[in-house]
Amino acid sequence: MFWGNFWSNFLSNLIADGVIIGSVLFILERHFSRKDEERKETEKEKRRKENLRIAVNMLWSEIEYNRGQLNLLIENLSQRPRPNLIYPALDTSYWEVIDHQQLIDGLKPESTADLLKIYNRVYTINKMYYQMLDKVEWILLGTDSTVRREFIDQIIFRSKELLDFIAGVIPQKPSSGKA
């Protein structure tokens, strides 16, 4: 009788202990896997924010470069009777390689709209300027084509307009006074 009860009690206790230990291990594993997933999500969010920060800084430096190029463009095209031509005009290299969806998802809608307006205007000025350069090459090749003063004035107007827009969106840092 003892051995009959012993084996049935032993097996039932073994099964009960297994269920309890299995439940505890399942709960612990779920807890640690959830913490691991949260850590991975946190790291992913940090990487996304860092990538967004890098992209915005690169765009900001490109816009600052273009601000200087716009001043140079206005200054050189304003010289009369024969304007000086610079090459290249405005830079758009980083805008072409960044992930635009990352900007749309990561920035405020107003900031994204401002960037789109800036780069649309940059592309317009570049297109106008390079069309003018093509006409200048025709002049040098001996054809009778000329660059109309109104076309140059329109490029200058667009450049000043873009400078004003950039100044409204990204105020220029005051110079430190060092030479």
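Residues numbered from 1 in each chain as written. Predicted model: local features only at pLDDT ≥ 70, side-chain atom pairs only at ≥ 80, totals over all residues. Heavy atoms only, no water.

1. As for the nonpolar core
Working step 1: Membership of the largest hydrophobic core comes to 31 residues, with the highest contact counts inside it found for Leu 77, Leu 103, Leu 115, Ile 118, Tyr 129 and Leu 162.
Working step 2: Listed by contribution, the elements that provide at least two residues to this core are α1 (2-77), α4 (109-140) and α5 (149-169).
Working step 3: No other element matches α4, which puts nine residues into this core.
Working step 4: Other than its neighbours up to four places away in sequence, Leu 162 contacts Leu 70, Leu 90, Ile 118, Arg 121, Val 122 and Ile 125. (Core = buried A, V, L, I, M, F, W, Y, C linked by side-chain atoms within 4.5 Å. Buried < 20%, exposed > 50% of the residue type's maximum accessible area, 1.4 Å probe, protein only. Helix = DSSP H or I, 4+ residues; strand = E, 2+ residues; numbered from the N terminus. Contact = heavy atoms within 4.5 Å.)

2. Focus: the pattern of salt bridges
When their charged atoms lie close together, side chains carrying opposite charge are able to pair.
Working step 1: Here the structure, examined in full by the defined rule, presents seven salt bridges.
Working step 2: In this structure, Asp 36 and Arg 39 form a salt bridge, with 2.4 Å as the shortest nitrogen-oxygen distance. With a gap of three residues between them, Asp 36 and Arg 39 both fall in helix α1, about one helical turn apart.
Working step 3: One salt bridge connects Glu 161 with Arg 158, and the closest N-O pair in it is separated by 4.0 Å. Remark: Arg 158 and Glu 161 occur in helix α5; sequence separation between them is three residues, near one turn of the helix.
Working step 4: In this structure Glu 161 comes out as partly exposed when scored by relative accessible area, which is 29%.
Working step 5: When salt bridges with common partners are traced through the structure, they connect Asp 36, Arg 39, Lys 40 and Glu 43 into a single cluster. (Salt bridge = Lys/Arg side-chain N within 4 Å of Asp/Glu carboxyl O.)

These values are about where atoms sit, not about what they do.
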